[in-house]
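Understanding the architecture of this molecule
Spelled out from the first residue to the last, the chains are:
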Amino acid sequence: MVDMVELKVEFRPAPGGRALHLWHVVHEGGSTGLCGRALSPSAGTLPIAEIEELKPGNRCQACRSAYRATLPPGG
């Protein structure tokens, strides 16, 4: 069985505030990406089903690869 995971946003500083940097895959309710990146516990989340809908430049590729490795063949 695949662990329950979700997407969590990471922001970066930008002129006038902050900008979306990457979406990471985290264990549901967690605040560490599968890539090892520590994220704000209060960062916004999305369902994992949205991962392929995100722009490739907005997805953490290390998290995506780690997540895909947990899926059953053909998943």
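Rules and cut-offs
Residues numbered from 1 in each chain as written. Predicted model: local features only at pLDDT ≥ 70, side-chain atom pairs only at ≥ 80, totals over all residues. Heavy atoms only, no water. Pairing = 2+ DSSP bridges. Helix = DSSP H or I, 4+ residues; strand = E, 2+ residues; numbered from the N terminus. Buried < 20%, exposed > 50% of the residue type's maximum accessible area, 1.4 Å probe, protein only. Contact = heavy atoms within 4.5 Å. Axes fitted to C-alpha atoms, helices over the stretch in contact; angles between N-to-C directions. Core = buried A, V, L, I, M, F, W, Y, C linked by side-chain atoms within 4.5 Å.

A few points about the pairing of strand S1 (residues 5-14)
When S1 meets strand S2 (residues 17-27), the two strands line up antiparallel, connected through ten bridges. In the sheet register, Phe 11 faces S2, and the bridge partner there is Leu 20. As defined by bridge partners, S1 adjoins strand S3 (residues 45-47) across three bridges and the pair is classed as antiparallel. Within S3, the residue paired with Glu 6 across the bridge is Pro 47.

Things to note about the environment of Ser 65
Among the secondary structure elements, Ser 65 is positioned in helix H1 (residues 61-70). Residues Ser 65 and Arg 37, spaced 28 residues apart in sequence, show a C-alpha to C-alpha distance of 14 Å.

Quick word on the side chain of Arg 64
Along the chain, the position of Arg 64 falls in helix H1. By relative accessible area, which is 17% here, Arg 64 ends up buried. Non-local contacts of Arg 64, meaning those with residues more than four positions away in its chain, are made with Val 25, Ile 51, Glu 52 and Arg 59.

Observations concerning the sheet that holds S2
If you walk across this open sheet you meet the three strands as S2-S1-S3, and the pairing is antiparallel. Of all strands in the sheet, those with a lone pairing partner are S2 and S3, marking the two edges. On average, each strand axis in the sheet is inclined to that of its neighbour by 30 degrees, with strand direction left out of account.

Observations regarding the nonpolar core
Core analysis: the largest hydrophobic core is formed by 13 residues, its most contacted members being Val 5, Leu 7, Trp 23, Val 25, Ile 48, Ile 51 and Tyr 67. Where this core is concerned, the elements lending two or more residues are S1, S2 and H1.

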